[in-house]
Amino acid sequence: MPDNEPGSNQSGMQQPTERFRGFGRIFRTLRYRNYRLFFGGQLISLIGTWMQQVAVIWLVYQLTNSALLLGIAGFASQIPMFVLSPFAGVLADRFNRHRIIVVTQSLAMIQATILAILTYSGGITIWYIIGLMIFLGCINAFDMPTRQSFVLEMVENKEDLGNAIALNSSIFNSARLIGPSIAGIMIAAVGEAACFLLNAVSFIAVIAALLAMRLPERLPTHVHHTVFEGFKEGFRYVSTFRPIRSILLLLALVSIIGIPFTVLMPIMAQDILHGGAHTFGFLMGAQGVGALAGAILLASRKSVRGLLKWISTAAIVFGAGISVFSVSHNQWLSMAMLTLAGFGMIVQMASSNTILQTISDDDKRGRVISYYTLAFAGMTPFGSLLAGSLGSAIGAPMTILLSGFVCLVAGIVFSTHLPKLRKDIRPVYQRIGIIQEIPPPPQSVAGA
């Protein structure tokens, strides 16, 4: 399929996509005021979030020296998303998404503040960390699907949805590049508590940006449904449409088998590469470099067309990257492979997100994205437990090698189903104007 898409000009303020060139095409969604506010606030806040994530992982390992407890801590932070995300999607389709996000971001700031106070006071224990991670997981279960489905309300034009999602990924991974590197230096210099405190302060930026937005009143949908009825309708929708089901299944497999390898990163940094907190930060930052490159590449695309193939290729690249990383004893080779893995991971994630939001019915988008959140983040707690258990039993390198091999094979299998998936998606793309329906040739007159 060609990657070009006809532009649209639904209002006088919007410009067709084909008018943008070079960097203008990459950053075209920033012409929307609400999205500009969101972009800036999220960039600051996510740097703090990544600093906290790295500091928590390092603190757990220093307190326990246990691969299993690293896995349990990861499980605690993400298991609420597995339980709550599908119901959170129902709420995102029923209520004001903007207000939900303001509440969730405020609660996340409180969580970071408590973590900072406990660490500064010297009273932090592994069980306090696990409890606070469960609390944060509950917050994220409602925040992530709501925030993802809120994107279209900020950019207004569905033509720019893919660009907005790719830019979201770019700020996420810019923060992933900056945050861990700062965290590694700060942990070595002043300790983990400073990372938690800076994360709490960083939430002020995104909350201020959200409150400064000017949004039209959004009417809730399906107010006649109970939450459980809305949940059943959403499950029936995602399970019966083959492209949505296939994308979610691949994402769930990579999330449970592949992505949790990061919980073993302190072991690879300290025991395999013989480094310290700064080495750990650089390894996490290397993933961010690759992920940022993948996000910018996606943002430069004009259309959602062609992204199905990118999903399978990205899963293969991710699997190959972490497989080679698992056998590396050289820091530079390890960083290079993690850069490759980060590229593959973000391309698969953002491409899946873009296609899912594009082909979903408007009144079900929140629920579809809640299942995306479930597949991407809700599966990782089980993967964290699996990675921690296997890491204790057979070692971190062998665990990561097996993870990479499974992801590589899964990407190959997905690629064999591409013709059927394209056939299913084509009518949707025609209906929403992404591709033009070609009329059948005129019938010839008999005997002419």
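Residues numbered from 1 in each chain as written. Predicted model: local features only at pLDDT ≥ 70, side-chain atom pairs only at ≥ 80, totals over all residues. Heavy atoms only, no water.

**Re the overall build of the chain**
Selection criterion: Here a helix means four or more residues in a row that DSSP labels H or I, a strand means two or more in a row labelled E, and each is numbered from the N terminus. Relative accessibility decides the category of a residue: with a 1.4 Å probe and only protein chains considered, values under 20% of the type maximum give buried, values over 50% give exposed, and everything between is partly exposed. Contacts were defined at the residue level, with two residues in contact if any of their heavy atoms lie within 4.5 Å. Accessible areas in this description were obtained via Shrake-Rupley with a 1.4 Å probe; residue shielding takes into account the shown protein chains only.
In terms of regular secondary structure, the chain is built from 18 helices and 0 strands. Within the chain, the proportion of its 448 residues that are buried is 56%. Contacts in the chain between residues far apart in sequence, at least 24 positions, make up 86% of those at least 6 positions apart. Per element, the accessible surface of the chain, about 18,100 Å² overall, is 68% carbon and sulfur.

**Description of the packing of helix α13 (residues 307-326) against helix α18 (residues 418-431)**
The cut-off we apply is this: To obtain an axis, a line is fitted to C-alpha atoms, over the contacting stretch when the element is a helix, and the angle between two such axes runs from 0 to 180 degrees between their N-to-C directions. Definitions for this section: a left-handed crossing has its near helix turned counterclockwise from the far helix by less than a right angle. A right-handed crossing has that turn clockwise. Basically, the charged four are Asp, Glu, Lys and Arg, the nonpolar ten are Ala, Val, Leu, Ile, Met, Phe, Trp, Tyr, Cys and Pro, and anything else, Gly included, counts as polar.
At a closest axis distance of 10 Å, the pairing of α13 and α18 adopts a crossing angle of 145°. As for the relative orientation of α13 and α18, their crossing is right-handed in sense. Counting all contacts with α13, which are made through L308, K309 and S312, the residues of α18 involved are L418, L421, R422 and I425. For the contact of α13 with α18, the class distribution of residues is 4 nonpolar, 1 polar and 2 charged.

**Let's talk about the packing of aromatic side chains**
Applicable threshold: Each Phe, Tyr or Trp ring (for Trp, its six-membered ring) is paired with any other whose centre lies within 6.5 Å, and the angle between the two planes then decides the class: stacked below 30 degrees, edge-to-face above 60, tilted in between.
As enumerated under the stated definition, the model contains 3 aromatic pairs in all. Where Y35 meets F38, the ring centres are 6.2 Å apart and the plane angle is 40°; that geometry is what we call tilted. Of this pair, Y35 and F38 both sit in helix α2 (residues 33-64), 3 residues apart, which is roughly one turn of the helix. Like Y35, the residue F38 is buried in the burial classification. Ring geometry for F235 and Y371: centres 6.3 Å apart, planes at 50°, overall tilted. One end of the pair, F235, is in helix α9 (residues 227-240); the other, Y371, is in helix α15 (residues 365-378), with 136 residues separating them in the sequence. Judged by its relative accessible area of 46%, F235 is partly exposed. Members of the aromatic cluster, connected to one another through ring pairs, are Y35, F38 and F39.

**A closer look at the nonpolar core**
The condition is simple: What we call a nonpolar core is a set of buried Ala, Val, Leu, Ile, Met, Phe, Trp, Tyr and Cys residues that are connected through their side-chain atoms within 4.5 Å.
With 131 residues, the main nonpolar core has Y35, L308, F318, F325 and I355 as its most contacted residues. For this core, the element with the highest residue contribution is α2, accounting for 15 residues. Non-local contacts of Y35, meaning those with residues more than four positions away in its chain, are made with T29, L30, M154, V155, A164, L167 and N168.

**Brief notes about the side chain of T119**
Turning to its location among the elements, T119 is positioned in helix α4 (residues 97-121). Discounting chain neighbours no more than four positions away, the residues touching T119 are L59, I124, A193 and F196.

**Quick word on the side chain of N353**
With respect to the helices and strands, N353 occurs in helix α14 (residues 331-359). For N353, a relative accessible area of 2% corresponds to the buried category. Once you skip the residues sitting within four places of it in the chain, N353 turns out to touch Q148, I165, I369 and Y372.

**Some points on the pattern of salt bridges**
Note the following rule: Note on definitions: salt bridges are taken to be side-chain nitrogens of Lys or Arg within 4 Å of carboxyl oxygens of Asp or Glu.
Within this structure, the stated rule accounts for 2 salt bridges. The shortest N-O distance in the salt bridge between D424 and R242 comes to 2.6 Å. Pair noted here: D424 is in helix α18 and R242 is in helix α10 (residues 242-257), with a separation of 182 residues, a long-range link. D424 sits in the partly exposed class, given a relative accessible area of 23%.

**Points about the environment of L374**
In this structure, L374 sits in helix α15. Assessed through its relative accessible area of 13%, L374 is described here as buried. If near-sequence neighbours (up to four positions away) are discounted, L374 is found in contact with M81, F82, S85, P86 and M379.

**Structural notes on the environment of Q52**
On the secondary structure map, Q52 appears in helix α2. A relative accessible area of 4% places Q52 in the buried class. Put simply, Q52 and A200 are 148 residues apart on the chain and 9.2 Å apart in space, counted from C-alpha to C-alpha. Leaving out residues up to four positions away in the same chain, Q52 has contacts with Q111, A112, L115, M133, L136, F196 and N199.

**Looking at the confidence of the model for the chain**
Low pLDDT marks stretches whose predicted atomic positions should not be read closely. Keep this limit in mind: Residue-level confidence of the predictor is what pLDDT reports, using numbers from 0 through 100.
Considering every residue of the chain, the mean pLDDT works out to 80; 88% of them sit at 70 or more. The weakest mean pLDDT in the chain belongs to helix α1 (residues 23-26) at 65; the strongest belongs to α4 at 92. Under a pLDDT of 50 for its full length, residues 1-17 has, in the predicted model, 47 contacts with residues more than four places off or in other chains. With pLDDT under 50 throughout, residues 444-448 is counted as low confidence; its partners more than four residues away or in other chains account for 0 contacts.

**Let's talk about the packing of α15 against helix α16 (residues 380-394)**
When two helices pack together, their arrangement is given by the angle between the helix axes and by the axis-to-axis distance. Keep this limit in mind: Reported orientations rely on four angle classes, namely roughly parallel under 35 degrees, roughly antiparallel over 145, roughly perpendicular from 65 to 115, and oblique for the rest.
Running from amino to carboxyl end, α15 crosses α16 at an angle of 10°, the nearest separation of the two axes being 6 Å. Between α15 and α16, the interaxial angle falls into the category roughly parallel. Across from F376, A377 and G378 in α15, the residues of α16 making contact are T380, P381 and F382. Per-class residue counts for the contact of α15 with α16 are 4 nonpolar, 2 polar and no charged.

**Looking at the environment of F382**
Among the structural elements, F382 can be located in helix α16. Relative accessible area serves as the criterion here: at 30%, F382 is assigned to the partly exposed category. It is 7.7 Å that separates the C-alpha atoms of F382 and I79, two residues lying 303 residues apart in sequence.

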